[in-house]
Amino acid sequence: MRSSLRCSILGFLLCLSLSGTGFGSAYNARPKLVVIVVIDQFRGDYLERYRDQWGEGGFRLLLDHGADFTDCNYDYANTRTAPGHATLLTGAYSNGHGIMANEWWDPAKKRMVGSVEDDATKLVGISSGIGASPHNLLADTLGDELKLATQGKARVFGISLKDRAAILPAGFAGDGAYWIDPRTGTWITSTYYRSELPKWAQDFNNSKRLEKYLNLEWKDSNGEVLRTTKPGEGKAGSFFELVGSTPFANDYEFEFARELITYEKLGSGPATDLLIVSLSANDILGHQVGPDSAEMQAMALAMDRQLAGFFEFLGHQMGLANVWIALSADHGIAPLPTVAARMHLPTAGFSSEKMKAQVNSALSARFSHSAEYVKDIDYPLAWVNPEAFAAVKMKEGDAERAVGEALKQAGLRAYYTRSQLEHGDVPNDEAGLKYLHSYSPLGGWYVFGVPVPYTIGITSGTDHASPYTYDTHIPLAFYGLPFQAGTYRTHAEPADLAVTLASLLGINAPSHAIGRVLTEALAPPRRVPGSARGGEREERSAPDVERRGFRPAAGSATDPANKMVAVKKADRTLAEGAR
Ligand SMILES: [Zn+2]
């Protein structure tokens, strides 16, 4: 009797304590703003590689004062920009959100179409061009759920230098997505969102800010000039290439982000707002010089300072205690073939164009009928031409297998066909699941070639698009009151980002989400006297490291050494993957 009374009192106290946690509620603007920073092409190992060179307040805000997941990998094979951004915000893979490539062959239009290209819309901010929208998404996003939960009171924006990296994260219900016209650098949007740019964005474009990024010298810490943004001089003339491959592009994006936050009054409404900032410069440079170059290191160090400045701005605007920050990336990158070869790794840079010609000539010989059986190869993915196969009376399954065999002849290790993936007909192993996760009904007939590790489909620079860790391993880190600071080496996936944030905001996870809530990184709930909103970080109890499978950074007094609890990979069946 007495013990049951004690139990109910304890239960009551537990309820009291839970009511005052640092966990949020999007319904009454706790937190005021969630910022998701997606770095385009940023491998998970960079955070550790340059750890001793990060300054205060940038990456270290997340590494030292946030929850850092060191072992986060995409569990699919199609590690490209559009799928990566869609995955982060839908909490699903391509078999859920439908975006399996940056562009695909459209059998009706008989041409490659972009993942966000939308004939029903027009660009806004420049005079011409097919517009863009999230119309190809087959799942909704974190922002959509936030809008639904708050009857539209939450405000959701996405920005990037690239259309797909701004639009897909902002979802269907986003209040705005902004990206640049690649040629001029002017910020634009689409009639999907609005018929003209808001005044603040027009003013931004008219303020000659763009010009101040031209004719600059990018120097490393020793004062060596790495690049200039001087037009001409034999370089590509577009703003995207010229400024985009330097840290100045991130400055330009952060300037725009600050204006957006200020003029759209993010963080001051009745519900939690959401901003996704996708930083494109790393990707543009990384393709050219590879992950192990001095330039990429300088870019990362510059980004560290830029993030510190942006986080400081957020602190001034609304107080960092009112902001949650998540940091991740859309994919990694392979080493340059020359670098991999130096380490005696088997490596090659194929020409996708030559491979396409080789495959088409092999199939033409095999069927004694000359045709363009493959329309395009975005290595290692091949887009198949149904009309060419119709002429030799072949149906999809056989046609795709024929292409797959020709791809193997051309140097691919194996293949998965679209029709095979559609029926979930793959070996019951990890690789099979990765390719099931890469499936989408969009894009006609196609074949995923399985590349030999360290091979890429271009002959200069490097690329990503493989199922291997150099492409799948990316950072995943959170900063904010609900998170228990620490380094977490438990299994994590990009799909966990949206699911974790949705849970903490008290809203539904996105429609097709399969990620898990990263509970090991959540601060223990504690009531803080005199504060309805929960307390500051230092008011929390020390983490129960053993129970949580939590591993503090090396050197910590509470380092549990070998006590880390192995967290089993989330129970995911092939049946789920085949949806
Ligand atoms: Zn990318």
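Keep in mind that this is a model prediction, so the values were computed, not measured. Counting from 1, residues in each chain are numbered in the order their sequence is written. Whole-chain, interface and lining totals are the exception, using all residues; otherwise, since this is a predicted model, local features are given only for residues with pLDDT of at least 70 and side-chain atom pairs are given and counted only at 80 or more. Neither water nor hydrogens contribute to the side-chain values; these are computed over all heavy atoms in the structure.

Draft legend 1. Summary view of the overall build of the protein. What the protein contains, in helices and strands, is 22 helices and 21 strands. Partly exposed describes any residue whose relative accessible area lies between the buried limit of under 20% and the exposed limit of over 50%, with all areas from a 1.4 Å probe on protein chains only and scaled to the type maximum. Of all 579 residues assigned to the protein, the portion counted as buried reaches 58%. To be clear on the numbers: accessible area is Shrake-Rupley with a 1.4 Å probe, and residue cover counts the displayed protein chains and nothing else. Just so you have it, the protein exposes about 22900 Å², and 52% of that area is on carbon and sulfur atoms. Starting at the N terminus, helices and strands are each numbered in turn, a helix being any DSSP run of H or I of at least four residues and a strand any DSSP run of E of at least two.

Draft legend 2. Representation of the sheet that holds strand β16 (residues 381-384) within the structure. A pair of strands is considered paired only if DSSP assigns at least 2 bridges between the two. One open sheet holds the four strands; their spatial order is β15-β16-β18-β17, and the pairing between them is antiparallel. Each end of this open sheet is capped by a strand with a single partner; those strands are β15 (374-378) and β17 (414-417). Averaged over all pairs of adjacent strands, the angle between their axes in this sheet comes to 20 degrees, without regard to strand direction. Sheet analysis places β15 next to β16, joined by four bridges and oriented antiparallel. Along β16, the bridge assignment pairs aspartate 378 with leucine 381. Should any heavy atoms of two residues lie within 4.5 Å, those residues are considered in contact. Fitted lines through C-alpha atoms serve as axes, helices being fitted only where they are in contact, and the angles separating the N-to-C directions of these axes extend from 0 to 180 degrees. Sitting on the sheet, helix α16 (residues 396-409) is in contact with β15, β16, β17 and β18 (446-450), with an inclination near 160 degrees to β17.

Draft legend 3. How the structure looks around the side chain of threonine 150. Mapped onto the fold, threonine 150 is located in the loop between α6 (142-149) and β7 (156-160). In this structure threonine 150 comes out as buried when scored by relative accessible area, which is 4%. Excluding its chain neighbours within four sequence positions, the residues that come into contact with threonine 150 are Ala26, Tyr27 and Ala271.

Draft legend 4. Quick look at the sheet that holds strand β5 (residues 117-124). Strand order in the open sheet made by the eleven strands is β6-β5-β9-β8-β7-β12-β1-β13-β20-β2-β21, with mixed pairing throughout. Whereas interior strands pair on both sides, the edge strands pair on one side only; in this sheet they are β6 (130-132) and β21 (486-488). Taking each pair of neighbouring strands and ignoring which way they run, the sheet shows an average axis angle of 25 degrees. Pairing between β5 and β6: two bridges, direction antiparallel. Within β6, the position partnered with lysine 122 by the bridge is isoleucine 130. Running at roughly 170 degrees to strand β12 (residues 273-279), helix α10 (residues 248-263) makes contact with β7, β8 (176-180), β9 (187-190) and β12 of the sheet.

Draft legend 5. Inspection of the confidence of the model for the protein at higher detail. A residue-level look at the protein finds 86% of positions with pLDDT of 70 or above and a mean pLDDT of 88. Per residue, pLDDT captures the predictor's confidence, and it can take any value from 0 to 100. In the model, residues 1-21 has pLDDT below 50 throughout and makes 15 contacts with residues more than four positions away in sequence or in other chains. Low pLDDT, under 50, characterises residues 528-579; the predicted model gives this stretch 99 contacts beyond four residues in sequence or across chains.

Draft legend 6. Just the coordination of the zinc ion, in detail. A 2.8 Å cut-off from the metal defines N, O and S donors, relaxed to 3.2 Å for Na, K and Ca; water is not in the atom list, so some sites may appear incomplete. Around the zinc ion, the protein supplies Asp40 (OD), Thr81 (OG1), Asp330 (OD) and His331 (NE2) as donor atoms, at distances of 2.0 to 2.2 Å. Counting gaps between the donor residues of the zinc ion yields the pattern D-x40-T-x248-D-H. Remark: aspartate 330 occurs in the loop between β13 (323-329) and α13 (337-342) and threonine 81 occurs in helix α4 (residues 81-90); sequence separation between them is 249 residues. Assessed through its relative accessible area of 1%, threonine 81 is described here as buried. On the basis of relative accessibility, which here comes to 0%, the residue aspartate 330 falls in the buried class.

Draft legend 7. Local environment of α10. Multiplying 1.5 Å by the residue count of a helix minus one yields the expected span of that helix. Helix length check: α10 (16 residues) gives 23 Å between terminal C-alpha atoms against 22 Å at 1.5 Å per residue, within 8%. Burial of α10 is extensive: twelve of the 16 residues sit out of reach of the surface. The complete set of buried residues in α10 reads Phe248, Ala249, Asn250, Tyr252, Glu253, Phe254, Glu255, Phe256, Ala257, Glu259, Leu260 and Ile261. With its phi angle positive at about 55 degrees, lysine 265 sits one or two positions after the end of α10.

Draft legend 8. Structural view of the environment of histidine 491. Along the polypeptide, histidine 491 turns up in the loop between β21 and α20 (495-505). Relative accessible area serves as the criterion here: at 26%, histidine 491 is assigned to the partly exposed category. The sequence separation of histidine 491 and threonine 70 amounts to 421 residues, and the corresponding C-alpha distance is 8.7 Å. A distance of 2.8 Å separates a polar atom in the side chain of histidine 491 from a polar atom in the side chain of glutamate 493. Between N or O atoms, a polar contact is any pair within 3.5 Å; within protein, one atom must be a potential hydrogen donor and the other a potential acceptor, and residues adjacent in sequence are included only when both atoms are from side chains.

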